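# Geometric and topological summary
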Amino acid sequence: MTEAELIEAYQRKLASNTEKEHVYQTLQITCSWFSQPYYIVLGTKAITTKLENGETITWTPSAADFKNAANNGDMDQNATFTLPDVGNLLDDELMRRPAGDTEAPVFTFRAYLDVDLDYPADGPVSYDLVSLTQSKGVFTANTGVPKLNQKATGVLATPDIFPPLRGILA
């Protein structure tokens with residue numbers, strides 16, 4: 001199946017929700033100070049897929065909860081990933097963080113359609129960590145896309161530069 005055919009099949013699955021095809025939601029968690037990247041698939045079955053670069057990955061099943069970004073009209077794409085941490089793996093990884101390091105883990109979401117696991121049908125979408133909360137045996141990562149539209153330009157908005165401001169400031 002070509003990439004275009006796979007994306008078309010995925011869109012058809014989302015529109016009609018046929019029971020013949022299954023969507024696997026996956027989450028890759030990476031950070032330079034982690035001992036390894038983590039590959040998690042939602043559900044009870046491990047799957048082996050290929051990433052968009054051709055690398056073969058076996059995803060570890062997890063009883064996680066993924067709330068992927070929605071288009072809510074404010075240009076702010078946030079997603080929430082709740083992960084069980086039964087063996088304290090994530091807790092141990094977070095303890096490896098060097099003092100003073102500001103790098104945060106990156107969460108990359110992909111969805112695969114079971115008819116072709118050689119290419120993601122949706123994604124990859126990489127999210128930056130906004131906040132991480134922990135309760136007994138559970139981590140919740142609130143993530144968002146990089147805040148590129150919040151970077152300061154250094155230009156002061158004045159009526160000389162932006163004439164429409166004259167009506168607002170009057």
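Residues numbered from 1 in each chain as written. Predicted model: local features only at pLDDT ≥ 70, side-chain atom pairs only at ≥ 80, totals over all residues. Heavy atoms only, no water.

### Points about the packing of aromatic side chains
Under the criterion given, the structure shown has seven aromatic pairs. On the basis of an interplanar angle of 80 degrees and a centroid distance of 5.3 Å, the ring pair of W33 and F34 is categorised as edge-to-face. By relative accessible area, W33 is classed as buried at 6%. Since its relative accessible area comes to 8%, F34 is described here as buried. Ring centres 5.9 Å apart and planes at 55 degrees place the aromatic pair F81 and Y127 in the tilted group. Of this pair, F81 sits in strand β6 (residues 78-84) while Y127 sits in strand β8 (residues 122-135); the two residues are 46 residues apart in sequence, bridging distant segments of the chain. For Y127, a relative accessible area of 2% gives the class buried. Within the aromatic cluster, the residues linked to one another by ring pairs are F66, F81, F107 and Y127. (Phe/Tyr/Trp six-rings, centres within 6.5 Å; stacked < 30°, edge-to-face > 60°. Buried < 20%, exposed > 50% of the residue type's maximum accessible area, 1.4 Å probe, protein only. Helix = DSSP H or I, 4+ residues; strand = E, 2+ residues; numbered from the N terminus.)

### Concerning the environment of T44
Structurally, T44 is set in the loop between β2 (38-42) and β3 (47-50). Along the sequence, T44 and S62 sit 18 residues apart, while their C-alpha atoms lie 6.3 Å from each other.

### Comments concerning the pairing of β8
With five bridges connecting them, strand β7 (residues 106-113) and β8 associate as antiparallel partners. For V106, the partnering residue across the bridge sits in β8 and is D128. Two strands pair when backbone bridges link them, and β8 and strand β9 (residues 138-144) are joined in this way by seven bridges, in the antiparallel orientation. Note on β9: the bridge partner recorded for S135 is V138. Adjacent in sequence and paired antiparallel, β8 and β9 are bridged by two residues, among which G137 carries a positive phi angle near 75 degrees. (Pairing = 2+ DSSP bridges.)

### Examining unusual backbone geometry
For the peptide bond that leads from G123 to P124, omega is 10 degrees, which places it in the cis range. The topology assignment puts P124 in strand β8.

### Re the pairing of β6
Successive residues of a regular strand alternate their side chains across the two faces of the sheet. Only one face of β6 is covered, namely the face carrying A79, F81 and L83; the face carrying N78, T80, T82 and P84 is uncovered. Where strand β5 (residues 65-67) meets β6, three bridges bridge the pair, whose relative direction is antiparallel. Within β6, the position partnered with D65 by the bridge is T82. Both β6 and β9 contribute to a ladder of seven bridges, which runs antiparallel. Bridge assignment links L83 to a residue of β9, and that residue is F139.

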